[in-house]
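Residue-level structure breakdown
Chain residues, written in single-letter form:
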Amino acid sequence: FLKKVCTLTAAVSAAAMLTAGAVSAKNFKIAVGDGAGSSQEGTGKFFIEALEEKSGGKHTATMFLNGQLGSEQDTVNEAAIGTLDMSLLAINNVTPFSPTVGVFTLPYVILSLEDAEKLTQGPIGQELTENTIRDAGVRILAWTYTGFRRLTNSKKPVTTVADLQDLVIRVPKNEIMIATYKAWGINPTPMAWSETFTGLQTKVVDGQDNPYTTINSMKFYEVQEYVTNLRYIFSIEPLIVSEAVFQDLPEEDQQILIEAGKEATVKSAQYLRDIEAQIKDELVAKGMQIDDPANDEAEFIELATQAVWPMFYDSIGGVEKLNTVLTTIGREPV
Ligand code: MLT
């Protein structure tokens, strides 16, 4: 009997190895929320280059820009069930599916690119990746660094919280961002990213917030005039892969995806360092007026941190999770 079991086991492993070895060349489909010239597209290119090189040309991937494959939040669902391979999207659009990643969206937690790199590439980033696999069926392969989300609007310069009061501002369907604008005294309008340009163009909303590179790549300068240099969220945009798709790959290919993701992450940071100042100048050249918030943003910071942080301690995994994040980037715990 034992001999029979051993023979059977050997046959099964041989069959598994054959199947693994036979995994054909893949062309992964990557949904991308933003357009050409965006940081998301940059990370996608870096990832595809590394993937092709590390797999000796066996695997590649194709990006579908501008939300062609659905809204950013819809792509998380698609990847979860394995009908989409990968998606490049803002972290705030992952939070509804895996609330602990909200710690990266809490206002005024991440205060620089260096903070973002330290957090995403260290143990906290690793833990959040495990959480998204558990909660949402998607694995984070790479991180895009896109810069601070700047407020734009079509009506007037905004430098104080009082200036905001008569504006209709679009936000992603993200509870933390909705709560932040409420703390600043207004009721924002939640709207999918894929509908935002049209919302601004038809004046259903007056404004929105996103980093310079996103404002530029999405051509928001055509429908928005004023930019306020808020720094309440440093935008981080993961490349996620369907865990079902990932688990179907042989271990060697899984490792290639992970390594390609790491390479794309490092290059994304360099890309932002190289282009952000230039993109800001381009926006001015295209007619946008850019203002700093009054008093070093003090009023925005105080209202947002005091009201919003405690509201989300539970969903991010407890106040101690926020304290781990704060101390990792050299700040005082709460
Ligand atoms: C959003 O505002 O929904 C996202 O940040 C957009 C993006 O992915 O750039």
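Structure: above.
Now for a look at the structure at hand. (Residues numbered from 1 in each chain as written. Predicted model: local features only at pLDDT ≥ 70, side-chain atom pairs only at ≥ 80, totals over all residues. Heavy atoms only, no water.)

Before going further, it helps to spend a moment on the sheet that holds strand 5 (residues 150-153). Spatially, the four strands line up as an open sheet ordered 8-5-9-11, and their pairing is mixed. The open sheet has two free edges, formed respectively by strand 8 (207-210) and strand 11 (289-291), since each of these has just one partner strand. Direction aside, the axes of adjacent strands within the sheet are offset by 25° on average. Two elements, strand 5 and strand 9 (residues 226-228), share three bridges in a ladder whose sense is antiparallel. Each residue of the ladder has a partner; that of asparagine 153, found in strand 9, is tyrosine 226. (Pairing = 2+ DSSP bridges. Helix = DSSP H or I, 4+ residues; strand = E, 2+ residues; numbered from the N terminus. Axes fitted to C-alpha atoms, helices over the stretch in contact; angles between N-to-C directions.)

Here the focus is the pairing of strand 5. Of the two faces of strand 5, the one carrying Arg150 and Thr152 and the one carrying Leu151 and Asn153 are both buried. Sheet analysis places strand 5 next to strand 8, joined by four bridges and oriented antiparallel. Note on strand 8: the bridge partner recorded for threonine 152 is glutamine 208. (Buried < 20%, exposed > 50% of the residue type's maximum accessible area, 1.4 Å probe, protein only.)

Taken as a whole, this structure holds nine aromatic pairs when the rule is applied. Here tyrosine 181 and tryptophan 184 contribute two aromatic rings whose centre-to-centre distance is 5.0 Å and whose plane-to-plane angle is 85°, an arrangement assigned as edge-to-face. In this structure tryptophan 184 comes out as buried when scored by relative accessible area, which is 1%. The structure contains a cluster of three or more aromatic residues connected by ring pairs, namely Tyr181, Trp184, Tyr232 and Phe300. Across the ring face of phenylalanine 64, the terminal group of lysine 29 is positioned such that the distance to the ring centre comes to 5.7 Å. (Phe/Tyr/Trp six-rings, centres within 6.5 Å; stacked < 30°, edge-to-face > 60°. Lys NZ or Arg CZ within 6 Å of the ring centre and 35° of its normal.)

This paragraph deals with the site of the ligand. Within the structure, the ligand sits among 13 residues, and Asp34, Gln40, Glu72, Arg149 and Arg170 are positioned closest to it. One of the side-chain nitrogen or oxygen atoms of glutamine 40 is found 2.9 Å away from an oxygen atom of the ligand. A distance of 3.1 Å separates an oxygen atom of the ligand from a polar atom in the side chain of glutamate 237. For the ligand, whose free accessible area comes to 270 Å², the fraction covered by protein is 100%. (Near = heavy atom within 4 Å. Polar contact = N/O pair within 3.5 Å; in protein donor to acceptor, adjacent residues only side chain to side chain. Areas by Shrake-Rupley, 256 points an atom, 1.4 Å probe, with all protein chains shown as cover.)

This paragraph deals with the pattern of salt bridges. This model, assessed by the stated rule, comprises 14 salt bridges. Residue glutamate 41 is joined to lysine 45 by a salt bridge in which the shortest nitrogen-to-oxygen separation is 3.8 Å. Here glutamate 41 and its partner lysine 45 are both found in helix 2 (residues 39-54), four residues apart, which amounts to about one turn of the helix. For glutamate 41, a relative accessible area of 12% translates into the label buried. A relative accessible area of 44% places lysine 45 in the partly exposed class. For lysine 58, the salt bridge goes to aspartate 253, with nearest N and O atoms at 3.2 Å. Of this pair, lysine 58 sits in the loop between helix 2 and strand 2 (60-64) while aspartate 253 sits in helix 11 (residues 251-285), and the two are 195 residues apart along the sequence. (Salt bridge = Lys/Arg side-chain N within 4 Å of Asp/Glu carboxyl O.)

By secondary structure assignment, the location of leucine 200 is in helix 8 (residues 196-201). Under the relative-accessibility criterion, leucine 200 is labelled buried at 0%. The sequence separation of leucine 200 and aspartate 85 amounts to 115 residues, and the corresponding C-alpha distance is 31 Å. Those residues in contact with leucine 200 that sit more than four places away from it in its chain are Val205, Asp206, Gly207, Gln208, Phe220, Val223 and Gln224. (Contact = heavy atoms within 4.5 Å.)

When you line up the elements, threonine 129 lands in helix 5 (residues 123-136). A residue is classified by how much of its surface remains accessible, and threonine 129, at 9% relative accessible area, is buried. Each residue touching threonine 129, except ones within four places of it in the same chain, is listed here: Val138, Arg139, Ile140 and Trp143. Here glycine 125 takes part through its backbone oxygen, which lies 2.8 Å from a polar atom of the side chain of threonine 129.

Right, let's get into the nonpolar core. One finds Phe104, Leu106 and Phe234 to be the most contacted residues of the largest nonpolar core, which totals 37 residues. Among the elements that make up this core, the one with the highest residue count is strand 4 (residues 138-148) (five residues). Among residues more than four places away in sequence, those in contact with phenylalanine 234 are Ile110, Ser112, Leu113, Ala116, Tyr145, Thr146, Gly147, Phe148 and Leu272. Counting 24 residues, the second-largest nonpolar core is a separate cluster that includes Phe28, Val32, Ala142 and Phe246. (Core = buried A, V, L, I, M, F, W, Y, C linked by side-chain atoms within 4.5 Å.)

Note that all results are geometric; they support no functional claim without further evidence.
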